[in-house]
Amino acid sequence: MAATQITDDDEGKKVVDQNGDEVGIVSNVQHGTAHVDPNPGLTDKVKSKLGWGDKDEDTYPLQAEMVQSVTDDEVRLNH
């Protein structure tokens, strides 16, 4: 199965686990890799929606093989 492609359009989307529980948001996408903020505040969510997200020490790269699907609203993990 091919990995789901992550794009800049996915910035600001919530990241959920297999149970649908929110585990963070996509704060930034660089070279097809989503960087997830596991504890976003309202400011982080707004900045990501506007494309102003930053990759910093509080974000974690999301490996493409961990992504089950990407919808208009969320990135769903397969783990």
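Cut-offs applied
- Residues numbered from 1 in each chain as written.
- Predicted model: local features only at pLDDT ≥ 70, side-chain atom pairs only at ≥ 80, totals over all residues.
- Heavy atoms only, no water.
- Helix = DSSP H or I, 4+ residues; strand = E, 2+ residues; numbered from the N terminus.
- Buried < 20%, exposed > 50% of the residue type's maximum accessible area, 1.4 Å probe, protein only.
- Areas by Shrake-Rupley, 256 points an atom, 1.4 Å probe, with all protein chains shown as cover.
- Core = buried A, V, L, I, M, F, W, Y, C linked by side-chain atoms within 4.5 Å.
- Contact = heavy atoms within 4.5 Å.
- pLDDT = per-residue confidence, 0-100.
- Pairing = 2+ DSSP bridges.

**Considering the overall build of the protein chain**
The helix and strand tally for the protein chain stands at one helix and six strands. With 79 residues in all, the protein chain has 34% of them scored as buried. Accessible surface for the protein chain amounts to roughly 5000 Å². Of this, 45% is attributable to carbon and sulfur atoms.

**Some words on the nonpolar core**
Of all hydrophobic cores here, the largest spans ten residues; its members are Ile 6, Val 15, Val 26, Val 29, Ala 34, Val 36, Leu 62, Val 67, Val 75 and Leu 77. Within the residue set of this core, elements represented by two or more residues are strand 2 (22–30), strand 3 (33–37) and strand 6 (74–77). Those residues in contact with Val 67 that sit more than four places away from it in its chain are Thr 4, Ile 6, Leu 62, Val 75, Arg 76 and Asn 78.

**As for the confidence of the model for the protein chain**
Across the protein chain, the average pLDDT comes to 82, with 73% of residues at or above 70. Looking over the protein chain, one finds the lowest element-wise mean pLDDT in helix 1 (residues 42–49), namely 63, and the highest in strand 6, namely 94.

**Regarding the pairing of strand 6**
Direction of pairing for strand 1 (residues 14–16) relative to strand 6: parallel, over a ladder of three bridges. When the sheet's bridge partners are listed, Lys 14 is paired in strand 6 with Glu 74. Alignment of strand 5 (residues 67–70) against strand 6, held across three bridges, turns out to be antiparallel. Residue pairing in the sheet places Val 70 in a bridge with Val 75 of strand 6. From the end of strand 5 to the start of strand 6, which pair antiparallel, there are three residues.

**Re the environment of Ile 6**
Checked against the element boundaries, Ile 6 lands in the segment before strand 1. Judged by its relative accessible area of 5%, Ile 6 falls in the buried class. Each C-alpha atom, one on Ile 6 and one on Ala 64, is 7.7 Å from the other, the two residues being 58 residues apart in sequence. Beyond its immediate stretch of four places on either side in the chain, Ile 6 contacts Val 29, Gly 32, Ala 34, Val 67, Val 70 and Val 75.

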